[in-house]
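# Report on the structure
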Amino acid sequence: MKKLSSTLPHMLICLVLVCSVAGGLLAFINSQTSEVIAQQIINTTLDGIKAVAPEYDNDPYKEQFKVAVEGDSLTVYPATKAGETVGYAVESTSHNGFSGDVRILVGIDTDNNLIDYTVLEQNETPGLGAHVTHWFHSEAHPTSDVRGKSLTEPLKVTKDNGSIDAITAATITSRAFLDAVNKAMRGVQTIDGVPGQSGETTSETADTTAEPTEVDSDLLLSLLPEHDNDPVAEQSVVTDATGYSYTIYPATRGGIWQGAAITAPTESGYDGPMLFIAALDAGNHLLDYAVLQESESEQLGGQVAQWFRDNGHPTSDIRGRSLETPLKVTQDGGDIDAISGATVTSRAFLDAVSRTAAIATQARTAYENAEN
């Protein structure tokens, strides 16, 4: 029999066959495991709620809602008993851990006392910061135990003039943990009404006194996703817990939420307040943005109008980015290159844009609840 010659076409055919089989196997495995993994995540959350929340007779997981705190969207699981709110389990994340995010689930009662916590995610150093999983609710460390502590005032480590002893040789992780705890409390403080009964609460409030920010209709059309409603006619103004007011221009199609354009103010520009408008899709990915007001130096911070969308700066282009996690410049542990010589302006811009995600989430929830 004549031996087949090894040719480039033969090798390519073999490569395609191997890749096709491998790809098919990976797709099959993923289809078989994705639901299992998703259910495991849900079970972990359910176990966490039971561990940290006060005794309840409702279904906190089904009644969960979001609140906006400093650009983050926190998930709140309300605990009720006999129709009365008895407390909350709050998912809260600090972005200031030594090795990344520290995400916790913390229980808070109606007297603003911390019940308990569980760590959902951390990548801290084993033997040091990784002790966060147990350090702050261990009887072996009574001066670090946060259970029963009042959260009326922010908790701090002793090095910051607080009363909580940090994890030995892991002060950064300890600060991040307490930051997440305090953030959860700020989230609870924004809640109005009894969310356990209604199943819907937002940290933003309709502002009947603030004037909406007028935006050119052509600019809106260029920013918003495809829609068949009238965003200008359906605009609303809300104010978050920090006092920032946002004008929301919703985009819907066939009664389905497509996204929104939201004005994003900041007081912390290098040369004064700035105002942006950010367009987000239904998944809170940034579509595009525009500058409505700024007085930064033309050759420095004034470049904000194009810097974060210009293909000439691919490591700064934020279009298409998810805003579920706040955007940060590289100097702050993020992956966005700041405007050269204008880090202050860059930070202020990214903070303003990042805050719109929580506003968009709550606007969408309000819209869909009204539709239903």
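The present account deals with the structure reproduced in this document. Just so it is clear, the structure is predicted and the values come from calculations on it, not from any experiment.

This part covers the packing of aromatic side chains. By the definition in use, this model includes seven aromatic pairs. Here Phe 276 and Phe 349 contribute two aromatic rings whose centre-to-centre distance is 4.8 Å and whose plane-to-plane angle is 80 degrees, an arrangement assigned as edge-to-face. With Phe 276 in strand β10 (residues 272-281) and Phe 349 in helix α6 (residues 343-371), the pair connects residues that are 73 residues apart, well separated along the chain. Summarising the burial analysis for this pair, Phe 276 and Phe 349 share the class buried.

Before going further, it helps to spend a moment on the sheet that holds strand β5 (residues 114-121). Reading across the sheet, the five strands line up as β1-β2-β3-β4-β5 and stay open at both edges, with antiparallel pairing between neighbours. Strand pairing shows two members of the sheet lacking a second neighbour, β1 (65-69) and β5, which therefore form its edges. This sheet shows a mean twist of 30 degrees between the axes of neighbouring strands, independent of strand direction. Contacts from α6 reach β1 and β2 (72-81), with the element oriented near 150 degrees to β1.

In this section: the nonpolar core. In terms of nonpolar packing, the biggest core is built from 35 residues, with Phe 308, Ile 318, Phe 349 and Leu 350 touching the most fellow members. Contributions of two or more residues to this core are made by β8 (245-253), β9 (256-269), β10, β11 (286-293), α5 (304-307) and α6. Of all the elements, α6 adds the most residues to this core, at 10 residues. By size, the runner-up hydrophobic cluster in this structure holds 34 residues, among which are Phe 65, Val 90, Ile 108 and Ile 164.

This part takes up the layout of surface pockets. Taken as a whole, the second largest pocket spans an internal volume of roughly 320 Å³. Around the second largest pocket sit 15 residues that line it, and Ser 73, Thr 93, Arg 103, Glu 324 and Thr 325 are the ones nearest its centre.

Here the focus is the pattern of salt bridges. In the structure shown here, the tally under the stated rule is 11 salt bridges. Linking Asp 317 and Arg 319 is a salt bridge whose minimum nitrogen-to-oxygen distance equals 2.7 Å. A salt bridge links Arg 355 to Asp 351, with the nearest nitrogen and oxygen atoms 3.2 Å apart. Of this pair, Arg 355 and Asp 351 both sit in helix α6, separated by four residues, roughly a single helical turn. Looking at Asp 351, the relative accessible area reads 32%, which means it is partly exposed. Connected via shared salt-bridge partners are Glu 91, Arg 103 and Glu 121.

The subject of this paragraph is helix α2 (residues 171-189). With 19 residues, α2 should cover 27 Å at 1.5 Å per step; its first-to-last C-alpha distance of 27 Å lies within 8% of that length. Among the 19 residues that make up α2, 14 are buried, leaving the element largely enclosed by the rest of the structure.

Conventions and cut-offs
Residues numbered from 1 in each chain as written. Predicted model: local features only at pLDDT ≥ 70, side-chain atom pairs only at ≥ 80, totals over all residues. Heavy atoms only, no water. Phe/Tyr/Trp six-rings, centres within 6.5 Å; stacked < 30°, edge-to-face > 60°. Helix = DSSP H or I, 4+ residues; strand = E, 2+ residues; numbered from the N terminus. Buried < 20%, exposed > 50% of the residue type's maximum accessible area, 1.4 Å probe, protein only. Pairing = 2+ DSSP bridges. Axes fitted to C-alpha atoms, helices over the stretch in contact; angles between N-to-C directions. Contact = heavy atoms within 4.5 Å. Core = buried A, V, L, I, M, F, W, Y, C linked by side-chain atoms within 4.5 Å. 1 Å grid on protein atoms, 1.4 Å probe; cavity = no way out; pocket = protein on both sides within 12 Å on 5 of 7 lines; lining within 4 Å. Points joined across faces, edges and corners; volume = space filled by probe spheres on them. Salt bridge = Lys/Arg side-chain N within 4 Å of Asp/Glu carboxyl O. Expected span 1.5 Å × (residues − 1).

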